[in-house]
Amino acid sequence: MANTLNNYKPQMWAQEALMYLRQKTGFAAKVFRGYEQERAGFQNRGDVISFRRPQELVAQDIFSSAPNAQDIDTPNLSLTLDKHQAVMFQVSDKDLAFAGERLISEHVAPAMDAIGQKVDGDIASAMAAASPFVVDHGGYAADPAKVLATVRQQMVENKAPLESLCYAASPATMTELLSDARFAAYEGAAGSGVATQTSGVLGRKYGFDWHESLSLPVGTVANVTISDAEGAIDAAAGAGATSVVVDGFGAAQDLAGQLITIGDERYLVVSGTTGGAAGTEATLTLATGLRKPVADGDVVTILADLNPGFTAKTQDIVFSPKSTALVVAPLPMHASNMGANVFTAQDPESGLSVRARMNYDNPNGNVNVIFDVLYGIKVLDERQIIRVVDVA
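Just so we're clear, the structure is a prediction, and the values are computed from it rather than from any experiment. (Residues numbered from 1 in each chain as written. Predicted model: local features only at pLDDT ≥ 70, side-chain atom pairs only at ≥ 80, totals over all residues. Heavy atoms only, no water.)

Undergrad: Help me understand the overall build of the protein in this model?
TA: The helix and strand inventory of the protein stands at eight helices and 21 strands. Evaluated residue by residue, the protein yields a buried proportion of 48% over its 392 residues. Residue pairs at least 24 apart in sequence account for 76% of intrachain contacts in the protein once pairs closer than 6 positions are excluded. (Helix = DSSP H or I, 4+ residues; strand = E, 2+ residues; numbered from the N terminus. Buried < 20%, exposed > 50% of the residue type's maximum accessible area, 1.4 Å probe, protein only. Contact = heavy atoms within 4.5 Å.)

Take a look at the structure:
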């Protein structure tokens, strides 16, 4: 006969876990959440959510001639619910006899802290893996204001919405900035500098909303010597393709982690080595799909001056909320009739959801408690993400 677990209330624990999770998320609270309406009801790991990305349109002067109709070709994108994170702990009958259900509630906050950091880490890693833009901060020791102005300029040139830019900074970066009078003293920042001294929080500076993160990715990119920076596309490819065939490079160069341009678009290369002689074909795998079709003969340029070589460095992430989508899906409660108490709590405001599962391990006299979250991540526009790192 199944245990009913009448004394344990997953509804209460799930709601409390949801409250804590809302407080623990940094990236998750700042990225785009609008695609959650595309899913229906409860979901399972591996489910795919499909949606469209708006097309970029061009204004035309119609004073002297009729406008040319632009074809609406909105790229179809998909997001897979492939991230399923859980925290499980066990409470013995003996412990419950002395501490009661309070022992479970005391573990809700650290459980959500662990899940919140994992969600943020997955978002940050997805952003870093897609971004073809790198700014060297040089340890922020020389001129942090110049670095931030450079990052802002790049975001302006990439047409990111300036009113909502976010800077996710490592503790090391925050230490440098909090030690600088331009950010944290009355002489350099007037009242906001005094407020920063009091709170230890930067607030909005240089057009960025700041948050300190322990979830930023640590990366390594080989410092490659580029001896032949220009080649060409050798086979046409359509928008969305994640690899291109190139030739015309006169030297063998491993481009993993390097930046290239094709026309006016920039891409991050995941893998591929250019041919060692002119006319030798090579396939380059890109971190993101082509934003525009490419034709045979289009020029491919390796950005040798922006070679982002670095070893085991933490990458700060600057981003627009529209750069990346997060979908959190409510998990089903079907185990409720199989010897467990199960409840999924959902927050309609933030879109977050947490499932709490509890079952009694009768032979060992333990209560098993599991909190889990299902989600998926998709980079929508890699041009609105910049990695800020000490390139050395």
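The rest of the description comes next.
Undergrad: Looking at this structure, I do not really get the pairing of strand S21 (residues 385-389). What am I missing?
TA: For a regular strand, side-chain orientation follows a simple rule: the groups alternate between the two sheet faces. With respect to burial, S21 is a largely interior element, five of its five residues being buried. Taken together, the three bridges between strand S4 (residues 134-136) and S21 define a ladder with parallel strand orientation. Along S21, the bridge assignment pairs Val134 with Arg387. As judged from the four bridges shared by strand S16 (residues 316-319) and S21, these two strands associate in the antiparallel manner. Bridged to Phe319 within S21 is Ile385. (Pairing = 2+ DSSP bridges.)

Undergrad: Where do I start with helix H1 (residues 10-24) in this structure?
TA: Residues spaced three or four apart along an α-helix face the same direction, because each turn holds 3.6 residues. Here H1 spans 20 Å end to end across 15 residues, near enough to the 21 Å set by a 1.5 Å rise per residue. Regarding H1, the residues found buried are Pro10, Trp13, Ala14, Ala17, Leu18 and Leu21. Looking straight down H1, one finds its buried side chains confined to an arc of 140°; they lie on one side. (Expected span 1.5 Å × (residues − 1). Arc of directions from axis to C-beta.)

Undergrad: What am I meant to see in the packing of aromatic side chains here?
TA: The description of two aromatic rings rests on the distance between their centres and on the angle between their planes. Under the defined criterion, the tally for this structure stands at six aromatic pairs. Judged by centre distance (5.4 Å) and plane angle (20°), the rings of Phe27 and Phe319 are stacked. Note that Phe27 is positioned in the loop between H1 and strand S1 (48-52) and Phe319 in strand S16, a separation of 292 residues in sequence. Residue Phe27 shares its accessibility class with Phe319, and that shared class is buried. Ring centres 4.2 Å apart and planes at 20° place the aromatic pair Tyr167 and Trp210 in the stacked group. On the criterion of sequence distance, the pair formed by Tyr167 in strand S5 (residues 166-169) and Trp210 in strand S7 (residues 208-212) is long-range, its members being 43 residues apart. A residue is classified by how much of its surface remains accessible, and Tyr167, at 0% relative accessible area, is buried. Site record: aromatic cluster; members linked through ring pairs are Tyr167, Phe208 and Trp210. (Phe/Tyr/Trp six-rings, centres within 6.5 Å; stacked < 30°, edge-to-face > 60°.)

Undergrad: Would you mind showing me how to read the sheet that holds strand S9 (residues 230-233) here?
TA: What holds strands together in a sheet is hydrogen bonding between their backbones, with the strands either parallel or antiparallel. Here we have six strands rolled up into a closed barrel, ordered S9-S10-S13-S12-S11-S14, and antiparallel in their pairing. For this sheet the average axis-to-axis angle between neighbouring strands, irrespective of direction, equals 45°. Pairing of strand S11 (residues 259-262) with strand S12 (residues 265-271) involves four bridges; the strand directions are antiparallel. Across the sheet, residue Leu259 finds its bridge partner in S12, namely Leu268. (Axes fitted to C-alpha atoms, helices over the stretch in contact; angles between N-to-C directions.)

Undergrad: Would you mind going over the pattern of salt bridges with me for this structure?
TA: A side chain of one charge can pair with a side chain of the opposite charge if their charged atoms are brought near each other. Tallying each qualifying case throughout the model produces 13 salt bridges. Residues joined by salt bridges that share partners form a network here, namely Asp264, Glu265, Arg291, Lys292, Asp381, Glu382 and Arg383. (Salt bridge = Lys/Arg side-chain N within 4 Å of Asp/Glu carboxyl O.)

Undergrad: So what exactly am I meant to see when it comes to the sheet that holds S16 here?
TA: Within the open sheet, the six strands sit side by side as S4-S21-S16-S5-S7-S6. Their pairing is mixed. Either end of the sheet is taken by a strand with one partner, and the two such strands are S4 and strand S6 (204-205).

Undergrad: What exactly am I supposed to notice about the pairing of strand S8 (residues 218-221) here?
TA: Burial along S8 is one-sided: Gly219 and Val221 are buried, and none of Val218 and Thr220, which face the opposite way, are. Two elements, S8 and strand S15 (residues 310-314), share three bridges in a ladder whose sense is antiparallel. From the neighbouring strand, Val218 faces S15, where its bridge partner is Thr314.

Undergrad: Quick question: what am I supposed to make of the environment of Gly263 here?
TA: Examined against the element boundaries, Gly263 turns out to sit in the loop between S11 and S12. The class for Gly263 is exposed, based on a relative accessible area of 65%. Remark: the alpha-carbon pair of Gly263 and Asp298, spanning 35 residues in sequence, is separated by 7.1 Å.

Undergrad: I tried to follow unusual backbone geometry on my own but got confused; where do I start?
TA: With a phi close to 55°, Tyr206 is a non-glycine residue in the positive phi region. Residue placement: Tyr206 occurs in the loop between S6 and S7. Positive phi, normally seen in glycine, also occurs at Ala312, with a value near 50°. Relative to the helices and strands, Ala312 resides in strand S15.

In short, geometric facts, not functional conclusions.
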